[in-house]
Amino acid sequence: MSSLAVDEGAINLGQGFPDEDGPEDIIAEATRAMLTGDNQYPPMMGISELRQAVANHNKRFYGLDVDWATEVMVTSGATEALADCFFGLLNPGDEVIVFEPAYDSYLPIIERAGASAVIVPLIPPNWQIPTERLVRAFGPKTKAVVINSPMNPTGKVFTAEELALIADLTISHDAYAICDEVYEHLVFDSIKHVPIMTLPGMRERTARIGSAGKTFSLTGWKIGYITASAEVMKGISRAHQYTTYTTAPGLQAGVAYGLGKPDSYFSDLAMDMQGKRDLICNGLSALGFEMAPCQGTYFVTGDFSGLPLEGTADDVCRKLTIDAKVATIPMGPFYSDGNGGNILRFCFCKKPEVLHEAIDRLATYFSNNAK
Ligand code: PMP
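Residues numbered from 1 in each chain as written. Predicted model: local features only at pLDDT ≥ 70, side-chain atom pairs only at ≥ 80, totals over all residues. Heavy atoms only, no water.

## Things to note about the overall build of the protein chain
Next, step 1: Each helix and strand counted, the protein chain has 14 helices and 13 strands in total.
Next, step 2: A compact globule built from 371 residues would reach a C-alpha radius of gyration of about 21 Å, and the protein chain, at 21 Å, matches this within 12%.
Next, step 3: Its C-alpha atoms put the protein chain at 65 × 55 × 35 Å along the principal axes.
Next, step 4: Split into buried and exposed, the 371 residues of the protein chain put 57% on the buried side.
Next, step 5: Long-range contacts, defined as pairs at least 24 residues apart, comprise 75% of the intrachain contacts of the protein chain with a sequence gap of at least 6.
Next, step 6: The averaged location of the 45 negative side-chain charges in the protein chain is 3 Å from the averaged location of its 29 positive side-chain charges. (Helix = DSSP H or I, 4+ residues; strand = E, 2+ residues; numbered from the N terminus. Rg over C-alpha atoms; globule rule 2.2 N^0.38 Å. Buried < 20%, exposed > 50% of the residue type's maximum accessible area, 1.4 Å probe, protein only. Contact = heavy atoms within 4.5 Å. Lys, Arg positive; Asp, Glu negative; His and termini not counted. Charge placed at Lys NZ, Arg CZ, Asp CG, Glu CD.)

This is how it looks when you write it as structure tokens:
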């Protein structure tokens, strides 16, 4: 959809990246580190400044006591962190519980690790967990559950009750929780992000993954970090050793500095994104999309069944890109069977004027194509 968007001169609300760079002082700090000579292989686990910053961040926001030397590892983005967790913790024949719709890197890597995913589909439009189905999904072969909260593509933040249920099942099956928390600072409406790692009995069986790409709007830097007990980290760090081994040290220095920013930086980021969420949700519902609630991330989902649009979600996305000049993506790729129904994902981490222009273009398209 991104390349079609470029060909068609469409506004790209498909791919998830901000159209403005992150804080200049973080970029300046990375530049300073590079210019003063931090350009050779850094330690495999990451530079100590960043590991310390990740440990402090865990304490400041979630009250977690973390030993930076043994319980934090830096990776080349959350994508590598996820791969390290899957390769490092799973054995052939293991089962992993995955909620769908799911971020697209999970399934291929779980399968490459020789394990298989047991899918638990969330129920649209509110993306609730089907409790019975989740309970049945856990079994003797369950090795891990993947929790992505706040969740891409749905914008869902798992509730305290849902997290407690998942924690109970994870503990009773002696499994790991692999937590993709890259949107931890993009949570709206005064909801607090709660890492499942903070729940009783979960500290020793959780790998918590963060990403500077999302927290600092620097997605191209690909700096991720994992927090896990020293025991859990052993396997994960072995996978990292033979995957990328290290990550650009200057960028790590920039992120270490960024994680030390005052609380206001993090709350302003969420407030800014919440305003954009409101802008796009109001605009799209006024046009006739049935919007799902969105409590976090860069994304919101909307059902186009009530609109004069024909064909599959793929057809509709193509048509809107070509005819309305607004690109969005279907939900199919987030499902293992490829079927995401009549729901589209819209990315709203764009300048307000870009979001306004996208809504205007869609409004013009629908008024010209009313049935
Ligand atoms: N997990 C989720 C849910 C994401 O949305 C993304 C980025 N789109 C990632 C992981 C990957 O993060 P990174 O760019 O740090 O590899």
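## Some points on the site of the ligand
Next, step 1: The ligand sits among Gly77, Ala78, Thr79, Tyr103, Asn148, Asn152, Asp180, Val182, Tyr183, Ser211, Lys214 and Lys222.
Next, step 2: Contact distances for the ligand include 2.6 Å between an oxygen atom and a side-chain N or O atom of Thr79.
Next, step 3: Side-chain polar atom of Asn152 to an oxygen atom of the ligand: 2.8 Å apart, as the coordinates give it.
Next, step 4: Its free accessible area being 400 Å², the ligand has 92% of it covered by the protein chains.
Next, step 5: With respect to the pocket detection grid, the ligand is positioned in the largest pocket.
Next, step 6: Take the shell around the ligand: its biggest share by element is 3 residues, from helix 5 (residues 77–89). (Near = heavy atom within 4 Å. Polar contact = N/O pair within 3.5 Å; in protein donor to acceptor, adjacent residues only side chain to side chain. Areas by Shrake-Rupley, 256 points an atom, 1.4 Å probe, with all protein chains shown as cover. 1 Å grid on protein atoms, 1.4 Å probe; cavity = no way out; pocket = protein on both sides within 12 Å on 5 of 7 lines; lining within 4 Å. Sits in = over half its atoms within 2 Å of the grid points.)

## Some details on the pattern of salt bridges
Next, step 1: The full count for this structure, using the stated rule, is 16 salt bridges.
Next, step 2: Put simply, Lys325 and Glu8 hold a salt bridge, and the shortest N to O gap is 2.8 Å. Placement of Lys325 in the loop between helix 13 (313–324) and strand 11 (326–327) and of Glu8 in helix 1 (residues 2–8) is noted, with a sequence separation of 317 residues between them.
Next, step 3: Taking relative accessible area as the criterion, Lys325 reaches 27% and is therefore assigned partly exposed. (Salt bridge = Lys/Arg side-chain N within 4 Å of Asp/Glu carboxyl O.)

## What about the sheet that holds strand 8 (residues 224–227)?
Next, step 1: The strand order 2-8-7-6-5-3-4 describes an open sheet built from 7 strands, whose pairing is mixed. Since the sheet does not close on itself, it has two edges, and those belong to strand 2 (72–75) and strand 4 (116–121), each with one partner. The mean angle between the axes of side-by-side strands here comes to 20°, regardless of whether they run parallel or antiparallel.
Next, step 2: Pairing of strand 5 (residues 142–148) with strand 6 (residues 176–180) involves 5 bridges; the strand directions are parallel. Across the sheet, Ile147 pairs through a bridge with Cys179, a residue of strand 6.
Next, step 3: Helix 3 (residues 48–62) contacts strand 2, strand 7 (206–211) and strand 8 of the sheet and is inclined by roughly 115° relative to strand 2. (Pairing = 2+ DSSP bridges. Axes fitted to C-alpha atoms, helices over the stretch in contact; angles between N-to-C directions.)

## Section: the pairing of strand 3 (residues 95–100)
Next, step 1: Of all 6 residues in strand 3, 5 are buried; the element is thus mostly enclosed.
Next, step 2: Here strand 3 runs beside strand 4; their pairing, made up of 6 bridges, is parallel. Of the residues in strand 4, the one forming a bridge with Ile97 is Val118.
Next, step 3: Of the pairings in the sheet, the one linking strand 3 to strand 5 comprises 4 bridges and is parallel in character. Bridged to Glu95 within strand 5 is Thr142.

## Looking at the nonpolar core
Nonpolar side chains tend to gather and get buried jointly when the protein is soluble and globular.
Next, step 1: Core analysis: the biggest nonpolar cluster contains 94 residues, and Leu50, Ile226, Ile236, Ile280 and Phe289 have the highest contact counts within it.
Next, step 2: A total of 9 residues in this core trace back to one element, the largest contributor, which is helix 12 (residues 263–287).
Next, step 3: Mapping this core onto the domain boundaries places at least three of its residues in each of domain 1 (2–21 + 264–368) and domain 2 (24–260).
Next, step 4: Sequence-distant contacts of Ile280, defined by excluding residues within four places in its chain, comprise Leu13, Val300, Phe346, Cys347, Phe348, Leu355 and Ile359.
Next, step 5: With 28 residues, the next largest nonpolar core counts Leu122, Leu134, Ala137 and Ile166 among its residues. (Core = buried A, V, L, I, M, F, W, Y, C linked by side-chain atoms within 4.5 Å. Domains from an automatic or database assignment.)

## A closer look at the domain arrangement of the protein chain
Next, step 1: Splitting the protein chain by domain gives domain 1 (2–21 + 264–368) and domain 2 (24–260).
Next, step 2: Using C-alpha coordinates to define each centre, domain 1 is positioned 26 Å away from domain 2.
Next, step 3: Contact residues are listed per partner, giving 30 residues for domain 1 and 37 residues for domain 2.
Next, step 4: Ionic pairing is found between Asp189 and Arg277, a salt bridge with its closest N-O pair at 2.7 Å.
Next, step 5: In this structure, the connection of domain 1 to domain 2 is made through 12 residue pairs in polar contact (both at pLDDT 80 or more).
Next, step 6: Residue assignment for the side of domain 1 that touches domain 2 shows that the elements contributing at least two residues are helix 12, strand 10 (299–303) and strand 13 (343–347).
Next, step 7: Grouping the amino acids of the side of domain 1 that touches domain 2 by side-chain chemistry returns 18 nonpolar, 7 polar and 5 charged. (Nonpolar A, V, L, I, M, F, W, Y, C, P; charged D, E, K, R; others polar.)

## So, helix 12
Next, step 1: The first and last C-alpha atoms of helix 12 sit 37 Å apart over 25 residues, in line with the 36 Å expected at 1.5 Å per residue.
Next, step 2: Gly288 occupies a position one or two residues after helix 12 and carries a positive phi of about 115°. (Expected span 1.5 Å × (residues − 1).)

## Some thoughts on unusual backbone geometry
What is expected of a backbone is that most residues other than glycine have negative phi and most peptide bonds are trans.
Next, step 1: Along the chain, Glu100 connects to Pro101 via a cis peptide bond; the corresponding omega equals 5°.
Next, step 2: Relative to the elements of secondary structure, Pro101 occurs in the loop between strand 3 and helix 6 (106–112).
Next, step 3: Going from Ser149 to Pro150, the amide bond is cis rather than trans, its omega being -10°.
Next, step 4: One non-glycine residue with positive phi stands out, namely Ser217, at about 50°.
Next, step 5: Of note, Ser217 is situated in the loop between helix 9 (212–215) and strand 8.

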